[in-house]
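Listed below, chain by chain, are the residues.
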Amino acid sequence: MTDRAFAVVRAGALTTVQDLGRPGHAHLGVPRSGALDPPAARLVNRLVGNPPEAAVLETTLNGCAVRPRCAVTVAVAGAPSPVSVDGRPVAWGSPVRVPAGALLDIGPAVFGVRSYVAFGGGVAVEPVLGSRSTDLLSGLGPAPLADGAVLPLGGAPAGHARVDAVPHPAPPAELVLRVRFGPRHDWFTDAAPTTLSRSAYRVSSASNRIGLRTEGPSLERASNGELPSEGMVLGAVQVPPDGCPVVFLADHPTTGGYPVIAVVDERDLAAAAQAAPGIPIRFVPVR
Amino acid sequence: MRTMPVGDRALLVELADGDEAGALHAELLRRRASGALPPIREIVPAARTVLLDGLDRPGHFARELMEWEIPALHASVQDAIEVPVRYDGPDLADVAALWQVTAEEVVRIHSAAEFRVAFCGFAPGFGYLTGLPQQYAVPRRATPRTSVPAGALALAGPYTGVYPRSSPGGWQLIGTTDAVLWDPAREPAALLSPGTRVRFVPERR
């Protein structure tokens, strides 16, 4: 048991391989993809001494369990969750040495949605267009983890990074998203921007890596025309015919035909990735 | 030309039509190749817009853009790539009926046109090609197919497209090609990228 790899014992609801994504190919219809909570992905890499672009695992709500075939340093952060090695609790947010053949279990998120798991050397699946990220919209990159799958690990990094303390996030009472109106706010009634910024929205359970779907008052269009397809950015607040805003996340389509009323500040999207269904959302206009 | 801010790091440039959008896209690529553009992460042309994403100073760049002289698109500035096609799609007869011509005429008209990849979207390597005269625009199928095979040559609205891989789809299928539209291991991965000129050549059966 010396080969650098791990076996998937419990894949969880949805566990994918993610790195910083594959920006630069949107003109070919390729989504950017990548970790939905990039600060958390960078943090776990730093904890095990990896460069920031190393690939990590991104879990969804109920964690996952893997069995490394070699001794490896791991770290778990993002959504807080119980972490154990062969049934013994170990630290969340700290480097942990896992012996060869031991069972590393990341339990359900205590709050938040997505936990990140870094392994020293990174998950070494074959890159596609320069990235190891799983893109759920277009199917690029490795398939989501499945029970029994074996994934390769890269060579162990030279040294361990030293991080004294990891800030433990507090449970989010609400998701505050700063927005700038446009480019297509003029497709909506005069009341729509006020509706967006003053109403109580909630995170819908239909949210995924493509978009954060919301439930709340619908935004009404001023006209029923059809918008020719145009390029879409990360954080775009697109409004489909049902009127409920959708905030585009990393696996969003590169072009779309529903008008974008506003764009969320990229710095707020990591929090959006950790907002569980039912969490209240407040859209706050900035200039 | 009209520019609209998209968040604080992007700019959407709206043109009068697809040809103007194509001309701006071509000029952006020329200037980027000669090192005359600030760093831009994504340049995404679409039906009548070009999105510039990942710009440090979008407002400043929008003002600069207004000063540009943008040459109109010239037909055949580069050699068109030839895509071999069998015009054997299940909707060929329906398209012939919509065009009020015979199926043989559909083949003749479609293979005589020179296409340009206006933009990509829907799936990696799926290009929206313009070039058919306006009177040949067709509606999508009333009921989309749950599975369209890879290599299907299809029409919808003013556009021609080729499905890079099997997927659901509502376009009118008029033919099939064995050309590989998308291969991430190849450089470039997409056979049809924005700006590429394309001709469809009927295969002898």
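Quick note: structure is the one above.
The rules we used
- Residues numbered from 1 in each chain as written.
- Chains lettered and ligands numbered in written order.
- Predicted model: local features only at pLDDT ≥ 70, side-chain atom pairs only at ≥ 80, totals over all residues.
- Heavy atoms only, no water.
- Buried < 20%, exposed > 50% of the residue type's maximum accessible area, 1.4 Å probe, protein only.
- Helix = DSSP H or I, 4+ residues; strand = E, 2+ residues; numbered from the N terminus.
- Contact = heavy atoms within 4.5 Å.
- Buried area = accessible area lost by both parts, 1.4 Å probe.
- Salt bridge = Lys/Arg side-chain N within 4 Å of Asp/Glu carboxyl O.
- Polar contact = N/O pair within 3.5 Å; in protein donor to acceptor, adjacent residues only side chain to side chain.
- 1 Å grid on protein atoms, 1.4 Å probe; cavity = no way out; pocket = protein on both sides within 12 Å on 5 of 7 lines; lining within 4 Å.
- Points joined across faces, edges and corners; volume = space filled by probe spheres on them.
- Nonpolar A, V, L, I, M, F, W, Y, C, P; charged D, E, K, R; others polar.
- Pairing = 2+ DSSP bridges.
- Axes fitted to C-alpha atoms, helices over the stretch in contact; angles between N-to-C directions.

Trainee: Teacher, can you tell me more about helix α4 (residues 103-112) of chain B here?
Mentor: Residues spaced three or four apart along an α-helix point in a common direction, a consequence of the helix completing one turn every 3.6 residues. Regarding α4(B), the residues found buried are B:Val106, B:Val107, B:Ile109, B:His110 and B:Ser111. In this fold, the buried residues of α4(B) make contact with α3 (92-99), β6 (115-120), β9 (152-156), β10 (159-162), β12 (172-176) and β13 (197-202) of chain B.

Trainee: When you look at unusual backbone geometry in this model, what are you seeing that I'm missing?
Mentor: Of note, the amide linkage connecting A:Gly182 to A:Pro183 takes the cis form, showing an omega dihedral of 5°. Positionally, A:Pro183 belongs in the loop between β12 (175-181) and α2 (192-198). Residue B:Pro188 is reached from B:Glu187 by a cis peptide bond, and omega for that bond is 0°. The phi angle at A:Asp86 is positive, at roughly 50°, despite the residue not being glycine.

Trainee: What exactly am I supposed to notice about the interface of chain B and chain A here?
Mentor: Interface size is commonly expressed as the accessible surface area that is lost when the partners come together. Each partner contributes residues to the interface: chain B has 34 residues there, and chain A has 28 residues. Here chain B packs against chain A, burying approximately 2,400 Å² in sum over the two surfaces, 62% of which is carbon and sulfur. At the junction of chain B with chain A, the criterion picks out three salt bridges. Put simply, A:Arg184 and B:Glu14 hold a salt bridge, and the shortest N to O gap is 2.7 Å. Our count for the chain B to chain A interface comes out at seven residue pairs in polar contact (both at pLDDT 80 or more).

Trainee: Please explain empty space enclosed by the protein as it appears in this structure.
Mentor: Gaps left between atoms are located by rolling a probe of water-molecule size over the structure's atoms. Summed over the entire model, instances satisfying the criterion amount to two cavities of 30 Å³ or more. In this structure, the largest cavity occupies an estimated 90 Å³ of space. Forming the boundary of the largest cavity are 13 residues, of which A:Ala26, A:Met232, A:His252, B:Glu42 and B:Asp53 lie nearest the centre. Among the secondary structure elements, those contributing two or more residues to the lining of the largest cavity are β3 (42-45) and β4 (49-53) of chain B. Partitioned by chemical class, the residues of the lining of the largest cavity number seven nonpolar, two polar and four charged. Counted as a void, the second largest cavity has a volume near 60 Å³. Taken together, A:Pro183, A:Glu230, A:Gly231, A:Met232, A:Val233, A:Ala236, A:Val260, B:Val6, B:Leu12 and B:Leu51 make up the full set of residues lining the second largest cavity. Classifying every residue of the lining of the second largest cavity gives eight nonpolar, one polar and one charged.

Trainee: Hey, could you run me through the pairing of β6(B) in this one?
Mentor: Residues and elements named next belong to chain B. The buried fraction of β6 amounts to six of the six residues, a majority that puts the element mostly inside the structure. In this sheet, β13 lies alongside β6 in antiparallel orientation, the contact comprising two bridges. Within the sheet, the bridge partner assigned to Arg-116 lies in β13 and is Arg-197. Here four bridges tie β6 to strand β7 (residues 127-130), and the two strands are oriented antiparallel to one another. Bridging across to β7, Phe-119 finds its partner in Tyr-128. Hairpin remark: β6 followed by β7, antiparallel, with six residues in the connecting loop; positive phi at Phe-122, about 75°.

Trainee: I would appreciate a short explanation of the sheet that holds β4(B) in the present structure.
Mentor: Each strand in a sheet pairs with another by means of backbone hydrogen bonds, the pair being arranged parallel or else antiparallel. All names here are of chain B. What the four strands build is an open sheet, ordered β1-β2-β4-β3; its pairing is antiparallel. Among the strands making up the open sheet, the edge pair consists of β1 (2-6) and β3. Averaged over all adjacent pairs, the angle separating strand axes in this sheet is 15°, with direction ignored. Helix-sheet contacts for helix α1 (residues 18-33) involve β2 (10-14), β3 and β4, and the interaxial angle to β4 is about 35°. Where helix α2 (residues 58-65) meets the sheet, its contacts fall on β1, β2 and β4, and the angle it forms with β2 comes to roughly 25°.

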